[in-house]
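# Chain and residue survey
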Amino acid sequence: MDTEDLISKLSANSRAAPMDDRRVMALTFGAVALPLALFLGTLGVRHGLGLALSNPLVVVKTVLPLVIFALALPELPRLTRPEGTQETKLYRLALPILAALALFVLTLFNPEALESRREGGLVGVVECVGLISLLSIVPVWVGLRLLRQGAVTRPGFAGALAGFVAGSGAAAGYSLFCTRDNPLFYLVWYSVAIGLATLAGSLLGRRMLRW
Amino acid sequence: MQDQVGTTEARWAALMRASVAGDGRAYARLLTEITPVLRGIVRARGRTFAPDQHEDIVQEVLLSIHAKRNTWREDHPIKPWLYAITRHKVVDAFRKRGASVVLPIEDFEDELEADAGPDPMARRDVDVLVGRLDIRSATIVRAVALEELPHAEVSARLGMTDAALRVALHRAMKKLQDWGKGT
């Protein structure tokens with residue numbers, strides 16, 4: 001076809017609704033919050049949550065993934081713009097991730113924590129990683145669908161970020177249910193769960209986000 | 001220069017704003033204005049591709065700009081957006097076509113005919129090699145390269161287009177060269 005013909009064909013249909021960054025964030029947030037609300041609404045938060053929160057290590061268990069989620073979420077709509085990949089500010093995640101690493105290293109010098117690091121056993125690990133992964137499924141899917149409406153130039157990376165946002169949000173919510181307060185447990189296994197969601201997002205993104 | 005860049009940016013952004021609001025004429029003007037720029041980019045990046053493929057790639061880029069026009073935000077500059085889409089699609093188009101690098105056969109024409117000159121000492125060897133080709137290719141090689149009949153006459157006789165003849169000839173000559181080196 002002649003290029004001029006193509007242009008006149010395309011211009012017969014020029015109207016479009018520009019994407020809205022706030023809508024992308026709001027829908028992703030909703031996709032994280034809804035399964036969590038169902039989960040916590042059914043099974044409830046842990047017994048004595050209020051009392052447990054007097055222990056700063058329990059507060060950190062919720063605040064760390066929450067801060068990571070809050071910093072990563074605004075990066076998602078950026079990636080729906082083709083030129084947005086260059087503008088991502090993921091370096092801001094360095095602070096909470098370094099804090100998590102520091103806490104991990106410090107806890108290694110705490111004999112009491114070392115002693116009880118296997119308190120959950122295999123069941124605890126499966127419960128933690130499994131539930132966070134389950135809670136991530138809906139937000140990963142919604143995040144990828146939203147990215148698909150955009151023009152993603154790095155499908156693997158964008159999908160990974162959608163998974164990371166979903167996983168960290170799910171982990172923050174799950175922490176209110178979780179009774180294992182040893183940093184050696186939650187730092188490791190929350191990271192594994194978030195990592196799995198990130199990996200899944202990346203693999204799916206590579207398939208779903210081409211155009 | 002800086003000034004000019006600024007005005008293009010502002011004009012294209014204004015045209016795009018009008019376009020997504022439903023002004024088809026503004027959209028046609030915008031696409032018409034960016035097409036030569038796209039051609040320039042495609043030509044600069046795609047020297048190894050035949051010129052007729054360049055226009056195909058330009059059209060693929062235009063289609064993508066159209067399909068993704070909802071991803072431009074009015075409060076963002078339009079040129080980086082346009083170039084990001086163009087870059088993505090051009091790289092993609094070249095990757096898709098990457099396996100087959102097209103070289104215009106015209107460049108080889110003189111060389112091929114010179115190589116195939118009827119040297120009496122080599123004639124017998126050539127006959128043996130040509131005999132190993134399929135009948136159609138052998139006919140083409142004998143008629144064009146050995147008897148030096150004009151292309152138009154041979155293609156008319158075989159009922160093929162000139163371009164197809166040249167391609168067939170080139171392939172046959174390539175085979176003969178390979179065999180010649182091998183024996």
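Residues numbered from 1 in each chain as written. Chains lettered and ligands numbered in written order. Predicted model: local features only at pLDDT ≥ 70, side-chain atom pairs only at ≥ 80, totals over all residues.

### A short note on the environment of R118 of chain A
All names here are of chain A. Note on placement: R118 falls in the loop between α7 (111–115) and α8 (121–149). Judged by the 13 C-beta atoms lying within 10 Å of it, R118 is partly exposed. Residues R118 and N182 lie 64 residues apart in sequence; the distance between their C-alpha atoms is 9.3 Å. (Helix = DSSP H or I, 4+ residues; strand = E, 2+ residues; numbered from the N terminus. Buried ≥ 20, exposed ≤ 12 C-beta atoms within 10 Å, placed from the backbone.)

### Structural notes on the interface of chain B and chain A
The interface is formed by 30 residues belonging to chain B together with 21 residues belonging to chain A. Those elements giving two or more residues to the side of chain B that touches chain A turn out to be α1 (2–20), α2 (24–45), α3 (51–67) and α4 (78–97) of chain B. In the side of chain B that touches chain A, the residues fall into twelve nonpolar, twelve polar and six charged. (Contact = placed C-beta atoms within 7 Å. Nonpolar A, V, L, I, M, F, W, Y, C, P; charged D, E, K, R; others polar.)

### Observations concerning the confidence of the model for chain B
Residues and elements named next belong to chain B. Looking at chain B, the pLDDT average stands at 80 and 81% of residues meet or exceed 70. The least confident element of chain B, judged by mean pLDDT, is helix α5 (residues 106–115) at 48; the most confident is α2 at 92. Predicted complex, confidence summary: ipTM 0.85, pTM 0.75. (pLDDT = per-residue confidence, 0-100.)

### Examining α8 of chain A
Along an α-helix, a turn takes 3.6 residues, which lines up residues three or four apart on a common side. Residues and elements named next belong to chain A. For α8, which comprises 29 residues, the first-to-last C-alpha distance of 43 Å matches the rise-based estimate of 42 Å (1.5 Å per residue) to within 8%. Of all the positions in α8, only C128, I132, L135, S136, P139, V140, V142, G143, L144, L146 and L147 are classed as buried. Here the buried face of α8 lies against α2 (21–43), α5 (75–78), α9 (155–174) and α10 (183–208). (Expected span 1.5 Å × (residues − 1).)

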